[in-house]
Amino acid sequence: SKEEKGGETVKAPSSVPVVQSECLEMTQLRNYLDMTVDVLVSKLEKNQFLEAIPAGVDKQFATSLHNRFCSVMRTKMCKIVEERLNEYSLGEKLNELNEITKNTPYPVSHKAWRPPRNETVESCVQAHDFKVLNEHKTKLTELLESVKSENEDLLKELQEVQRRMQENQAVLTNMNTGYENIIHAFDQV
């Protein structure tokens, strides 16, 4: 309702008191909550309400009841929202948050680093593939080192076998020469 005060028309305050020291964020929050209440009230469909009323009731009376019901629901929801805002001290908390953001060394418009929007999945897959390939490389390097070590051991064994074979060959040659000398000596006798 409107009142006249000193020749000026002044709108009477709504049922929701607004604190004058509210920050912009709190005002925006109140506006969004008011819009939410409006949406909820608009969801109270007249058709469903009228269908629930007994058949003998006048439609205009039922419509006025629906309008009154919506009005009461809007008032009660606004009251509940306001009570929760006060209960959780959201106005004070938003003011504190506003002060904290004003005192930060970085401007509010500062953009933190974020991963690129494009090719993020591909980059993640490539990073995972890189990690897996490095693990495989490490395993293969270890396997290669063990094969090299085994190969060196086998080469040493082979050299040892060749050395023994040469020694045995020399011994056989000496024995063969000795037998031939003995046979030759028998033949001369």
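Residues numbered from 1 in each chain as written. Predicted model: local features only at pLDDT ≥ 70, side-chain atom pairs only at ≥ 80, totals over all residues. Heavy atoms only, no water.

Peer 1: How should I be thinking about the overall build of the protein chain in this particular structure?
Peer 2: Within the protein chain, the secondary structure is distributed over five helices and two strands. Evaluated residue by residue, the protein chain yields a buried proportion of 11% over its 189 residues. Across the protein chain, every contact between residues at least 6 apart in sequence was considered, and the portion connecting residues at least 24 apart equals 59%. Split by element, the accessible area of the protein chain, about 16800 Å² in all, is 57% carbon and sulfur. (Helix = DSSP H or I, 4+ residues; strand = E, 2+ residues; numbered from the N terminus. Buried < 20%, exposed > 50% of the residue type's maximum accessible area, 1.4 Å probe, protein only. Contact = heavy atoms within 4.5 Å. Areas by Shrake-Rupley, 256 points an atom, 1.4 Å probe, with all protein chains shown as cover.)

Peer 1: Sorry, what's going on with the side chain of Thr63 here?
Peer 2: Within the secondary structure, Thr63 sits in helix 3 (residues 59-87). Polar contacts involving the side chain of Thr63 include one to the main-chain carbonyl oxygen of Lys59, which spans 2.8 Å. If sequence neighbours within four positions are ignored, Thr63 has contacts with Lys46 and Leu50. (Polar contact = N/O pair within 3.5 Å; in protein donor to acceptor, adjacent residues only side chain to side chain.)

Peer 1: How should the packing of helix 1 (residues 24-42) against helix 3 be read in this particular structure?
Peer 2: Any two packed helices are characterised by the angle at which their axes cross and by the distance between the axes. Put simply, helix 1 and helix 3 touch, their axes get as near as 10 Å, and they point 150° apart. Classified by the interaxial angle, the pair formed by helix 1 and helix 3 is roughly antiparallel. The way helix 1 lies across helix 3 gives a crossing that is right-handed. Where helix 1 approaches helix 3, its residues Met26, Leu29, Arg30, Leu33, Asp34, Val37, Asp38, Leu40 and Val41 are matched on the opposing element by Cys70, Arg74, Met77, Cys78, Val81, Glu82 and Leu85. Within the contact of helix 1 with helix 3, the residues separate by chemical class into eleven nonpolar, no polar and five charged. (Axes fitted to C-alpha atoms, helices over the stretch in contact; angles between N-to-C directions. Parallel < 35°, antiparallel > 145°, perpendicular 65-115°, else oblique. Left-handed = near helix turned anticlockwise from the far one by under 90°. Nonpolar A, V, L, I, M, F, W, Y, C, P; charged D, E, K, R; others polar.)

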